[in-house]
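Fold and contact review
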Amino acid sequence: MLRFPLPHTMLSFAAVQAEWANTLDRVQALCPVLRMAEVVRPDRFAYLEIAREHQDLVPEIERILFQNLLLRPLQRIEDRGTIEFQADWLWNWRRSVPWSCERSTIARLLPDAPEHTYVYGYSLVLVEG
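My aim in this report is to walk through the structure given alongside it, one point at a time. (Residues numbered from 1 in each chain as written. Predicted model: local features only at pLDDT ≥ 70, side-chain atom pairs only at ≥ 80, totals over all residues. Heavy atoms only, no water.)

**Examining the overall build of the chain**
Counting its regular elements, the chain contains two helices and six strands. What you see in the chain, going N to C, is helices and strands ordered as α-β-β-α-β-β-β-β. Classification of the 129 residues of the chain by burial places 36% in the buried group. Long-range contacts, defined here as pairs at least 24 residues apart, represent 60% of the contacts in the chain between residues at least 6 apart. (Helix = DSSP H or I, 4+ residues; strand = E, 2+ residues; numbered from the N terminus. Buried < 20%, exposed > 50% of the residue type's maximum accessible area, 1.4 Å probe, protein only. Contact = heavy atoms within 4.5 Å.)

Rendered as structure tokens:
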């Protein structure tokens, strides 16, 4: 297992796991989740995958993911009839900030390249000191 230094002020695994479990429950109330990270681990990213037939629920799922302030959504990958959301677990609370989603260009030269990838960005607020 890889060892990553974590901040001394980090929250407990139980707190991050509880927030993730709540997020999964909320998404599963909308539609079946095909695959998901069930356990929070500092050396792995968070993910969940749904069938593309539930594509109309993507905005609602994104809203749920961004409401988990111990999660930093990174990207959405659409490929082979599925939609996968990937994120990092955070070990400290983040602020709720505006976000955007932009389609990423992919060179489809490799046979395993996904059909579409979308990258999440965050709007940072600069504070004068």
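Moving on, there is more to tell.
**Points about the nonpolar core**
Judged by nonpolar contacts, the single largest core of 26 residues is most densely connected at Trp20, Leu48, Ile50, Ile61, Leu71, Phe85 and Trp89. Among the elements that make up this core, the one with the highest residue count is helix 2 (residues 58-67) (five residues). Trp20 has contacts with Ala37, Glu38, Val40, Ala46, Tyr47, Leu48, Asn68, Leu71 and Trp89, leaving out every residue within four places of it along the chain. (Core = buried A, V, L, I, M, F, W, Y, C linked by side-chain atoms within 4.5 Å.)

**Brief notes about the pattern of salt bridges**
What the rule picks out here adds up to eight salt bridges. One salt bridge connects Glu62 with Arg76, and the closest N-O pair in it is separated by 2.6 Å. With Glu62 in helix 2 and Arg76 in strand 3 (residues 71-79), this residue pair connects regions lying 14 residues apart in the sequence. Side by side, Glu62 and Arg76 carry an identical accessibility label, which is buried. Its salt-bridge partner being Glu78, residue Arg76 comes within 3.3 Å of it at the nearest N-O pair. Here Arg76 matches Glu78 in class, with each residue buried. Each of Arg35, Glu49 and Glu84 takes part in one network of salt bridges that share partners. (Salt bridge = Lys/Arg side-chain N within 4 Å of Asp/Glu carboxyl O.)

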